[in-house]
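Structural overview
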Amino acid sequence: MRAKEPEIIRTIIPPYKRLAPYYDQLMDYIDYDIWVEDILNFIREDGSVKTLLDVSCGTGSMAIRFARAGMQVSGVDISPEMIGEARKKVHQAGLADGIELTVGDMRDIQYSKPFDLMINLHDGLNYLPDAGVVNTFFQHAHDLLRPEGWLIADVVTPLLCENHFKGYREIFSDESGGYERVTDYDSGTRIASTIFTFEISPTEIQVEEHLQRAYDLEEVKAMCKASPFKKYQILDDEDFRPADGSSERFYVILRKA
Ligand SMILES: C[S@@+](CC[C@H](N)C(=O)[O-])C[C@H]1O[C@@H](n2cnc3c(N)ncnc32)[C@H](O)[C@@H]1O
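All values derive from a computational prediction rather than experimental measurement.

Attention shifts here to the overall build of the chain. On a plain count of helices and strands, the chain comes out with seven helices and twelve strands. Taking 18 Å as the expected radius of gyration for a compact globule of 257 residues, we find that the chain reaches 19 Å, a close match to that expectation. The principal-axis extent of the C-alpha atoms belonging to the chain is close to 75 × 45 × 30 Å. By the burial criterion, 33% of the 257 residues in the chain qualify as buried. Taking the contacts inside the chain whose residues are at least 6 apart along the sequence as the reference set, 66% of them involve residues at least 24 apart.

Turning next to the environment of Ala214. The topology assignment puts Ala214 in the loop between strand 10 (204-213) and helix 7 (217-226). Separated by 57 residues in sequence, Ala214 and Thr157 place their C-alpha atoms 5.0 Å apart. If we ignore the near neighbours within four places in the chain, the residues touching Ala214 are Asn126, Val156, Thr157, Pro158, Cys161, Arg190 and Ala192.

Attention shifts here to the sheet that holds strand 3 (residues 72-77). As a general point, the strands of a sheet are linked pairwise by backbone hydrogen bonds and lie either parallel or antiparallel. Sheet architecture is open: seven strands sit in the order 4-3-2-5-6-12-11, paired in mixed fashion. Of all strands in the sheet, those with a lone pairing partner are strand 4 (99-103) and strand 11 (231-236), marking the two edges. Across the sheet, the axes of successive neighbouring strands diverge by a mean angle of 15°, strand direction being ignored.

This part takes up the pairing of strand 6 (residues 145-156). Most of strand 6 sits out of view: nine of its twelve residues are buried. Note that strand 5 (residues 115-120) and strand 6 share five bridges and pair parallel. Each residue of the ladder has a partner; that of Leu117, found in strand 6, is Trp150. What joins strand 5 to strand 6 is helix 5 (residues 131-144), and the crossover it makes is right-handed. Here strand 6 runs beside strand 12 (residues 249-255); their pairing, made up of seven bridges, is antiparallel. Along strand 12, the bridge assignment pairs Leu151 with Leu254.

Consecutive side chains of a regular strand alternate in pointing toward one face of the sheet and then the other. Along strand 3, five of the six residues are buried, which leaves the element largely enclosed by surrounding structure. Where strand 2 (residues 51-55) and strand 3 come together, five bridges link them in parallel fashion. If you follow Thr51 over to strand 3, its bridge partner there is Gln72. Handedness of the β-α-β unit built from strand 2, helix 3 (residues 61-68) and strand 3 comes out right-handed. Bridge count between strand 3 and strand 4: five bridges; the pairing is parallel. Counted as the bridge partner of Ser74 is Glu100 from strand 4. For the segment spanning strand 3, helix 4 (residues 80-92) and strand 4, crossover handedness is right-handed.

Right, let's talk about the domain arrangement of the chain for a bit. What the domain assignment reports for the chain is domain 1 (9-13 + 160-212) and domain 2 (20-157 + 215-255). Put simply, the middle of domain 1 and the middle of domain 2, counted by C-alpha atoms, are 25 Å apart. Facing the five residues of domain 1 at the interface are eight residues of domain 2. The element that contributes the greatest number of residues to the side of domain 1 that touches domain 2 is helix 6 (residues 158-164), accounting for three residues. Partitioned by chemical class, the residues of the side of domain 1 that touches domain 2 number three nonpolar, two polar and no charged.

The five strands lie next to each other as 1-10-9-8-7, forming an open sheet whose pairing is mixed. Two strands in the sheet have a free side with no partner beyond their single neighbour: strand 1 (9-13) and strand 7 (168-172). In this sheet, adjacent strand axes meet at a mean angle of 20° when their direction is disregarded. As defined by bridge partners, strand 9 (residues 191-201) adjoins strand 10 across ten bridges and the pair is classed as antiparallel. Within the sheet, the bridge partner assigned to Ser193 lies in strand 10 and is Leu211.

The next thing to look at is the nonpolar core. Ranked by internal contacts, the top residues of the largest apolar core, which has 61 residues, are Ala63, Met118 and Ile119. Considering every element that reaches this core, the biggest residue donor is strand 6, with seven residues. Taken domain by domain, the makeup of this core includes at least three residues from each of domain 1 (9-13 + 160-212) and domain 2 (20-157 + 215-255). Each residue touching Ala63, except ones within four places of it in the same chain, is listed here: Asp54, Cys57, Val73, Gly75, Ala86 and Ile99.

Conventions and cut-offs
- Residues numbered from 1 in each chain as written.
- Predicted model: local features only at pLDDT ≥ 70, side-chain atom pairs only at ≥ 80, totals over all residues.
- Helix = DSSP H or I, 4+ residues; strand = E, 2+ residues; numbered from the N terminus.
- Rg over C-alpha atoms; globule rule 2.2 N^0.38 Å.
- Buried ≥ 20, exposed ≤ 12 C-beta atoms within 10 Å, placed from the backbone.
- Contact = placed C-beta atoms within 7 Å.
- Pairing = 2+ DSSP bridges.
- Axes fitted to C-alpha atoms, helices over the stretch in contact; angles between N-to-C directions.
- Right-handed = clockwise from strand over helix to strand, strands pointing away.
- Domains from an automatic or database assignment.
- Nonpolar A, V, L, I, M, F, W, Y, C, P; charged D, E, K, R; others polar.
- Core = buried A, V, L, I, M, F, W, Y, C linked by C-beta atoms within 7 Å.

Below, the structure written as structure tokens:
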């Protein structure tokens, strides 16, 4: 008689709960120094930028660089595990006194002090599921900025998702188990999904589902127009020309009146 197959328990866990310690390795190909340089160039005309809020700060790679550039930095992220990784890095960098890190949701950010600059980078707006939620985020950000303050976000477009997100699969192994990553994009709903599967034991699997909504230029323009920000620019992230239909990713630069 054949032995009964053991039952496999599959649990859905929040995004980044298990991925957090792998995140920096996964993002190894990103040049954060250039990214920070881009942001500093955008705000160059404004010599009075001293305080920064890094929204969806993740493991703090940007926050640390801005603190080293002399800014007073706060960071907020919805994932306690990502904030945990950020705290370790900030501590190792000797910046524990200079960077304030908080677990929080960008859809309802609360601070008692104003900021000169807010950033929301690395698919920042794509984590917000529709234009209504982006509008709420813009409203809160506007309220939190000092007069003439800046909000700089980036946006992944449907074009980028069509070109790079369809049917990608990767297996990563290490001594703590690793993961399987499967990425796909639905052109109809414009939702890009990345599923990370972690084998905890032969009978236990944990799954993180990361969902992002891709936004095209017309949608982003409409969001900016509907926002309380009076001045805005939408630029191609490669060469900073005004974004067009061939742009895969935009920088959205909004300025409070
Ligand atoms: C791709 S990571 C980017 C992290 C970081 N900005 C970077 O450049 O490395 C996206 C981050 O957004 C955070 N996030 C997603 N939805 C959020 C929300 N509603 N409020 C705050 N953070 C959120 C995730 O927890 C994750 O750390």
